[in-house]
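Geometric and topological summary
The residues making up each chain are set out below.
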Amino acid sequence: MSIPGSRATGLGDDFLPILGIDHVELWVGNAFQAAYFYQTALGFDVIAYAGPETGIRDRASYALRQGEITLVVTAGFAPDSPIVRHAAVHGDGVRDIALEVGDVDRAFAETTRRGATPVLEPATLEGQKGKVRRASIAAYGETIHSFVNRHDYRGAFLPGYHRVSDCPGQPTGVRALDHVVGNVELGQMDAWVAFYRDVMGFSQLVHFSDQAIKTEYSALMSKVMQNGTGRVKFPINEPASGKKKSQIQEFLDFYQTPGVQHLALLTDDIIGTVSEMRARGVRFLRVPSAYYGALGSRVGSIEEDLEAIRELGILVDRDDEGYLLQIFSKPIQDRPTVFLEVIQRRGAHGFGEGNFKALFEAIELEQAKRGNL
Ligand code: FE2
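Residues numbered from 1 in each chain as written. Predicted model: local features only at pLDDT ≥ 70, side-chain atom pairs only at ≥ 80, totals over all residues. Heavy atoms only, no water.

Looking now at the overall build of the protein chain. Tallying secondary structure elements over the protein chain gives 10 helices and 17 strands in all. In terms of overall size, the protein chain behaves like a compact globule, its C-alpha atoms giving a radius of gyration of 20 Å where 373 residues would be expected to give roughly 21 Å. Viewed in the frame of its principal axes, the protein chain has a C-alpha envelope of about 60 × 50 × 40 Å. For the protein chain, buried positions account for 56% of its 373 residues. Looking at the protein chain alone, contacts between residues at least 24 apart form 69% of all its contacts between residues at least 6 apart. Of the accessible surface of the protein chain, which amounts to about 15,500 Å², a share of 50% is contributed by carbon and sulfur atoms. Once the 39 positive and 47 negative side-chain charges of the protein chain are each reduced to a mean point, those two points are 2 Å apart. (Helix = DSSP H or I, 4+ residues; strand = E, 2+ residues; numbered from the N terminus. Rg over C-alpha atoms; globule rule 2.2 N^0.38 Å. Buried < 20%, exposed > 50% of the residue type's maximum accessible area, 1.4 Å probe, protein only. Contact = heavy atoms within 4.5 Å. Areas by Shrake-Rupley, 256 points an atom, 1.4 Å probe, with all protein chains shown as cover. Lys, Arg positive; Asp, Glu negative; His and termini not counted. Charge placed at Lys NZ, Arg CZ, Asp CG, Glu CD.)

Here it is, written out as structure tokens:
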């Protein structure tokens with residue numbers, strides 16, 4: 001697709017009011033087994049299912065929910081299915097970051113008028129529990145943004161899905177999507193920043209240069225875009241040159257195109273959440289133990305038990321407004337592509353800039369094990 005340029009569009013006028021992230025849909029090789037991971041390891045309830053039993057002939061989808069987070073995992077059946085092809089090219093990955101809006105037709109019209117590539121014209125999905133208006137536009141790589149309005153719908157997820165009530169998860173405490181990060185190719189970050197600014201009406205929150213996010217070997221650049229209400233935050237990364245391969249380039253090599261790098265899941269009790277996930281088999285990155293030696297002098301006193309923080313490998317960062325705690329999982333599929341972050345905020349609105357160096361050293365240890373550094 002072409003990337004729209006940076007036309008002036010009257011910043012400050014929120015032409016795309018977004019109520020929040022409606023859901024994130026992943027296209028995967030085996031939806032049944034992926035749903036089991038999200039349900040069992042991460043504590044999501046399976047709330048709805050669509051497939052042959054519900055009249056959907058070409059795919060199986062499971063909708064999962066915990067707190068305000070709705071994830072969908074979908075697998076296709078036929079070799080020529082776009083879902084099967086997507087999974088073959090990219091491995092399991094995020095297809096759709098769907099946004100809830102009050103007016104789907106206006107969202108589609110305003111964004112396509114500003115240069116967005118249409119993927120799905122506004123359409124109404126009807127079922128026994130009401131109707132949902134939906135449209136989609138293209139974002140980076142093969143990722144899309146759907147606009148969803150569910151004012152007139154009372155079903156479990158979407159028409160075509162049947163409610164599932166016998167497959168609850170044991171919650172791990174994650175309750176909202178804090179941010180969703182995209183990786184794009186070298187030299188493309190600013191074009192996608194312009195896309196979110198000019199086409200989606202977002203503004204730039206913060207910019208991390210390759211000087212800030214750099215280890216001995218590799219580097220990246222990142223800009224954070226957020227919508228008018230601040231509810232939706234999309235950091236965009238691109239690789240920067242170092243002595244060896246940037247972790248962003250490793251992602252691009254294995255995903256084949258730009259795509260979603262990580263989903264950050266917000267919790268109010270990171271020690272409880274991470275303890276539970278770890279016990280259920282979620283694998284997290286470990287920073288070098290020296291990180292904790294310098295922690296007290298870097299972030300000052302915190303409410304959490306430092307011993308538990310160190311034991312679990314949780315990272316801490318402080319800014320003017322408070323501090324945050326975060327941890328990153330290892331990739332959640334075979335390829336070194338998509339991973340998860342668990343984050344707890346105690347006032348801080350940042351993204352853990354102070355942790356980047358320690359974190360990237362940990363990622364590089366893993367990259368080196370894979371022979372990709
Ligand atoms: Fe993050």
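Our next topic: the coordination of the iron ion. Tetrahedral coordination by four donors sets the ideal angle at the metal to 109.5 degrees; octahedral coordination by six donors sets it to 90 or 180 degrees. Donor atoms from the polypeptide that coordinate the iron ion comprise H179 (NE2), H262 (NE2) and E341 (OE), at 2.0 to 2.2 Å from the metal. Spacing between the donor residues of the iron ion along the chain follows H-x82-H-x78-E. You can see H262 sitting in strand β14 (residues 259-267) and its partner E341 sitting in strand β17 (residues 339-346), a full 79 residues away along the chain. In this structure H262 comes out as buried when scored by relative accessible area, which is 7%. (Donors = N, O, S within 2.8 Å, 3.2 Å for Na, K, Ca; no water.)

Next up on the list: the domain arrangement of the protein chain. In terms of domain boundaries, the protein chain breaks down into domain 1 (18-163) and domain 2 (174-370). Averaged C-alpha coordinates put domain 1 and domain 2 at centres separated by 25 Å. If you look at the interface, domain 1 gives 40 residues, while domain 2 gives 39 residues. Interface area lost by domain 1 to domain 2 is led by I69, H90 and Y140, which between them contribute 22%. On the surface where domain 1 and domain 2 come into contact, there are zero salt bridges. Counting across the interface, domain 1 meets domain 2 through nine residue pairs in polar contact (both at pLDDT 80 or more). For the side of domain 1 that touches domain 2, the secondary structure elements donating two or more residues are β1 (18-27), α1 (31-40), β4 (69-76), α2 (82-90), β5 (93-101) and β7 (130-138). Here the side of domain 1 that touches domain 2 is composed, by residue class, of 22 nonpolar, 14 polar and four charged. (Domains from an automatic or database assignment. Buried area = accessible area lost by both parts, 1.4 Å probe. Salt bridge = Lys/Arg side-chain N within 4 Å of Asp/Glu carboxyl O. Polar contact = N/O pair within 3.5 Å; in protein donor to acceptor, adjacent residues only side chain to side chain. Nonpolar A, V, L, I, M, F, W, Y, C, P; charged D, E, K, R; others polar.)

Among the secondary structure elements, H86 is positioned in helix α2. Leave out the neighbours within four places in its chain, and H86 touches W27, G91, V94, R95, E142 and Y255.

Any two side chains of opposite charge can pair, on the condition that their charged atoms come close. Throughout the structure, instances matching the rule amount to 20 salt bridges. Two residues, E142 and R85, come together in a salt bridge whose shortest N-O distance is 2.7 Å. You can see E142 sitting in the loop between β7 and β8 (144-149) and its partner R85 sitting in helix α2, a full 57 residues away along the chain. With relative accessibility at 38%, the residue R85 sits in the partly exposed group. Here the salt bridges do not stand alone but share partners, grouping R106, E110, R113 and R114 into one network.

All right, on to the confidence of the model for the protein chain then. Low-pLDDT stretches of the model should not have their predicted coordinates read in fine detail. Looking at the protein chain, the pLDDT average stands at 91 and 93% of residues meet or exceed 70. In this model, residues 1-11 is a region of pLDDT below 50 whose contacts with residues beyond four sequence positions or in other chains number 27 contacts. (pLDDT = per-residue confidence, 0-100.)

In terms of nonpolar packing, the biggest core is built from 94 residues, with V73 and Y196 touching the most fellow members. Structurally, this core is a two-domain feature, drawing no fewer than three residues from each of domain 1 (18-163) and domain 2 (174-370). Within the second largest apolar cluster, 13 residues are counted, among which are A63, V72, V148 and L158. (Core = buried A, V, L, I, M, F, W, Y, C linked by side-chain atoms within 4.5 Å.)

On to helix α6 (residues 270-279), then. For α6, every residue scored as buried is listed here: I270, T273, V274 and M277. All buried residues of α6 lie within an arc of 90° about the axis, which places them on one face of the element. Summarising the contacts, the buried residues of α6 are in contact with β10 (174-183), β14, α9 (306-312), β16 (322-328) and β17. (Arc of directions from axis to C-beta.)

We now examine the pairing of strand β2 (residues 45-50). Counting buried residues in β2 gives five out of six residues, a clear majority hidden from the surface. In this structure, β2 lies alongside strand β3 (residues 59-66), joined through five bridges in antiparallel fashion. If you follow V46 over to β3, its bridge partner there is L64. Sheet analysis places β2 next to strand β9 (residues 162-163), joined by two bridges and oriented antiparallel. The partner of A48 across the bridge, within β9, is R163. (Pairing = 2+ DSSP bridges.)

Moving on, we come to the side chain of N183. Looking at the secondary structure, you find N183 in strand β10. A polar contact of 3.1 Å, which involves the side chain of N183, links it to the side chain of N237. Each residue touching N183, except ones within four places of it in the same chain, is listed here: N237, I248, F251, L252, P258, G259 and Q261.

Structurally, A107 is set in helix α3 (residues 104-113). Remark: the alpha-carbon pair of A107 and M225, spanning 118 residues in sequence, is separated by 18 Å. For A107, the residues in contact, after removing those within four places along its chain, are L16, V101 and F147.

Turning to the packing of aromatic side chains, a few remarks are in order. Counted according to the given criterion, the structure contains 14 aromatic pairs. Ring geometry for Y140 and W192: centres 6.1 Å apart, planes at 90°, overall edge-to-face. Residue Y140 is located in the loop between β7 and β8, and its partner W192 is located in helix α4 (residues 189-199); the two are separated by 52 residues in the primary sequence. Classification of W192 as buried rests on a relative accessible area of 3%. Of the aromatic side chains, those joined through ring pairs into one cluster are Y140, W192, F195, Y196, F202 and F234. Looking at R114, its charged tip hangs above the ring of F15, at a distance of 3.4 Å from the centre. Above the face of the F351 ring, R345 is positioned so that its terminal group lies 5.5 Å from the ring centre. (Phe/Tyr/Trp six-rings, centres within 6.5 Å; stacked < 30°, edge-to-face > 60°. Lys NZ or Arg CZ within 6 Å of the ring centre and 35° of its normal.)

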